[in-house]
Amino acid sequence: MAKKTRFPRRVDRNVYPRPEYRFPKARIGLTYKDSKADFPPLQGAPEKAPNILLVLLDDVGFGWSSAFGGLVDMPVAERLARGGLKYCQFHTTALCSPTRAALLTGRNHHSVSTGNIGEVATGFPGYTGIIPKSCCTIAEVLRENGYATGWFGKNHNVPDNQTSPAGPFDNWPTQRGFDYFYGFIGGETDQFYPSLYRGTTPVEAGRKPEEGYQLTRDLADDCIQWMKQQKSIAPGRPFFTYFSPGAAHAPHQPPLDWRGRHAGKFDMGWDEYRRQVWQRQLELGVIPPDTQLTERPAEIPAWDEATPEEQRFYIRLMENFADFLSHADHEVGRVLETLQDLGEADNTLVMYIIGDNGSSAEGSLTGTLNEMAVLGGDVPNINDILPRIDEIGLPGTSPHYPVGWAWAGDTPFQWTKQVASHFGGTRNPMIVSWPREVEDKGGVRFQFHHVIDILPTVLEVIGISEPTVMHGVPQKPIEGTSLAYTFDAKHADAPGHRTTQYFEMFANRALYHDGWMASCRHGRLPWVNVGGADFAEDRWELYDIRKDFSQAKDLAAKHPEKLRELQDLFMVEAAKYNVLPLDDRFVERADVSLRPSWFYGRQRVTFYEGMTYLPEGSAPKTHNVSYTLTAVVDIPEGGAEGVIICLGGDVGGWTLYVKDKRLVYHYNFFDMVRSEAVSSEEVPSGRVELSVVFTNESTTLGGPANVQLFINGRGVGEVHLERQTRARFSTECMDVGMDNRAPVSPKYRDLMPFKFTGRIEHVTFEFDLVNANRELTPAERLEQHVRLD
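Reference entry: report on the structure contained in this document. (Residues numbered from 1 in each chain as written. Predicted model: local features only at pLDDT ≥ 70, side-chain atom pairs only at ≥ 80, totals over all residues. Heavy atoms only, no water.)

1. Some details on the packing of aromatic side chains
Rules: For Phe, Tyr and Trp, where Trp contributes only its six-membered ring, two rings pair if their centres lie within 6.5 Å, and the inter-plane angle classes them as stacked under 30 degrees, edge-to-face over 60, or tilted in between. A run of H or I in DSSP becomes a helix once it reaches four residues, and a run of E becomes a strand once it reaches two; helices and strands are each numbered from the N terminus. Accessibility here uses a 1.4 Å probe with only protein chains present; expressed as a share of the type maximum, an area under 20% marks a residue as buried, one over 50% as exposed, and anything in between as partly exposed.
One pass over the structure, following the stated rule, counts 49 aromatic pairs. Both rings, one in Phe178 and one in Phe240, keep their centres 6.0 Å apart while their planes meet at 35 degrees; by these two values the pair is tilted. Placement of Phe178 in the loop between strand 5 (148-155) and strand 6 (180-185) and of Phe240 in strand 9 (residues 239-244) is noted, with a sequence separation of 62 residues between them. Given a relative accessible area of 0%, Phe240 falls into the buried group. Ring pairs connect the aromatic residues Trp64, Phe266, Trp270, Tyr273, Trp303, Tyr314, Phe321, Tyr401 and Trp405, which therefore count as one cluster.

2. Focus: the side chain of Arg217
Counted only if it meets this: N or O atoms within 3.5 Å of each other form a polar contact, as long as, within protein, one can give a hydrogen and the other can take it, and as long as residues adjacent in sequence are counted only when both atoms are side-chain atoms. Two residues form a contact once any of their heavy atoms are found within 4.5 Å.
Relative to the helices and strands, Arg217 resides in helix 4 (residues 215-233). Residue classification places Arg217 among the buried positions, given a relative accessible area of 14%. Side-chain polar atoms of Arg217 contact the backbone oxygen of Gly212, separated by 2.9 Å. Setting aside its immediate chain neighbours within four residues, Arg217 contacts Gly212, Pro255, Asp257, Trp258, His327, Glu331 and Arg334.

3. Looking at the nonpolar core
To keep it simple, the criterion reads: What makes a nonpolar core is a set of buried Ala, Val, Leu, Ile, Met, Phe, Trp, Tyr and Cys residues whose side-chain atoms join them at distances within 4.5 Å.
Counting residues in each nonpolar core, the largest one holds 150 residues, and the members touching the most others are Trp405 and Trp654. Ranked by residues supplied to this core, first place goes to helix 6 (residues 308-341) with 14 residues. If you look at the next biggest cluster of nonpolar residues, it comprises 48 residues, including Leu104, Val141, Tyr197 and Ile462.

4. Focus: the pattern of salt bridges
To keep things clear, this is the line we draw: In the sections that follow, a salt bridge refers to a side-chain nitrogen of Lys or Arg positioned within 4 Å of a carboxyl oxygen of Asp or Glu.
Taken as a whole, this structure holds 44 salt bridges when the rule is applied. Across the salt bridge formed by Asp58 and Arg100, the nearest N and O atoms sit 3.2 Å from each other. Taken together, the residues Asp58 in the loop between strand 2 (51-56) and helix 1 (75-82) and Arg100 in helix 2 (residues 96-105) connect sequence positions 42 residues apart. Of the residues examined, Arg100 reaches a relative accessible area of 1% and is grouped as buried. Of the charged contacts, one joins Lys621 and Asp591 as a salt bridge, the two residues approaching to 3.0 Å between their closest N and O atoms. Of this pair, Lys621 sits in the loop between strand 21 (614-615) and strand 22 (627-635) while Asp591 sits in the loop between helix 12 (560-576) and strand 20 (604-607), and the two are 30 residues apart along the sequence. The burial state of Lys621 is the same as that of Asp591; both residues are buried.

Right, here's the structure in full:
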């Protein structure tokens, strides 16, 4: 028997695509004069189907937004909450890609092979980073039911090894249900020099930061234009708009005209911030009256342990983040205003999810101006970056606040992003607004729900059945459960429909069942990205969430039988949803050679002029391996200049270029150390062979290397690198003949994209795959467990 619902009767269709049109009203005669036409109609949406606006912010913990008691100004979220509902027990997966995959498909993240981010994908069913075709997306269902579908912002669900211009493209947004995509592929991008795509085509931003450009602003502009266009052409057709800006994931880069708006708001430090925000949360009613403020973990330093100079630096990093987040909220407001302008506000279901996981602790204990370095396990010396305080958030920096602020941003909970065992990693605010249907304006909801519940909610309110076949592929059952029942004021305090939910990330794991939660925080800390911890030392905790909202009181010793029951249930869920094998490694899994690619195993790779925008995750591996790079170029009389080939940007990378008639190799080690070899001879005119011999000197990731320069076979320069990147440089690309987006070397910043003015015949890599420093095979790399100090 169908479940009773206040929403429209479900469309009686489970198989897509629909059968071909059979022309039921047509009559076919000998000629058109004695025939009757019956043209196939456009596919319409179900009656009264609302527009759907799904907003997902990035790396925003429960304790940041002013709408939920935080001190970061988010007036749009506050205003939306006053006219809608606030959800205070809504959960994510503790990490970017997994949450997004679960959100789009309505299935658990391991069920859709996204147990972690694609950059660390492995060859196990729950971890490939490839969403199966048996798990259709919300956009695929809605498009088949008459919706226009658009995605704006971050897509962290294209497999890392499938991002090159050669594809394959079957896992890109435009082949997973979205009519239109404008945004970036991957976990993050520079806000001033973003790696943008329109559909599957790389595009440039078009303006510079000093001209007012910033990515979130650009995404909102494009989203607004698309919505207006859709309603101008087809006013009766509903749209599904997915607005997912990169904010507030690092790099924390607010627009230049938004800097300084939170000056002085965080001078109290992270310990006092938590106390103040906890009190505000109690006053707002977004946490129960008996909620305890959890203790600071011993691994996180107290605010008072920092020197005054360090505190000043940490405060500035936090102010910069707050400006960045507040601006994102402002841009969400512009999108919402467009709904008002179009007369569509009452008929639009808005779901504003404030974070895809808890606050990020990936900025190290001391913060950083280069987040990519820290992700690779290279933490800067605090004394080296303190003098650069005024550069925080400017173009050329990739800032991230220290761990203490991440913990503060998850008030009142324990821990942070990555830590799926505790709510600091998984509990995120959500606001739902639908003026036509939600009458309990300003209501608060405490039912336990999860991001996989969004898709079934949307299907219920529109009146669409769960698909069983999509594009000829049988579908896995949807694992979420609708939360639409909570829209009704009569059910404000109704028991939650979600009774069981597992959590797992980097071996941090938990099991929620009927108000109880068993939690196991695995030993590797979320800001330590190299090495792992001993599984034998894992310790489980037990919480009664019905009485302990913040997981403050461990009851494991008091109720060992309940803990054992939940531990066993976790294993049942883990087996059911492809959670095993548990894996706590980060950097060690980021090696691109672990995954099949167009380049893996090739000793010789040749590129030609015009090969640009090749993402690092899909490019040949050029670190921790030995190779010879040879460029055959034609230099006109009078000389030439420009980039011959480069990888990365101002965050990190390497570049080979000609300037002032000299051949230059520049290695940017995360803007911490810059090494350079300049040729002792000028580059002659005519057909010239320019070579780089890169010799890896260690079998340990990130070890030293030596670089030699040659012109027509003559040695003309050399530089020794004390360190290499362990994983990857940046979110940028490899280019032949120019340096797109941000420059690898500051010496040609004003000349960007510094296009080569000669002619490049070809650029060829010869990789040394057989000597002692050869690339390891995927199996060998899996066996190698690197542990560095």
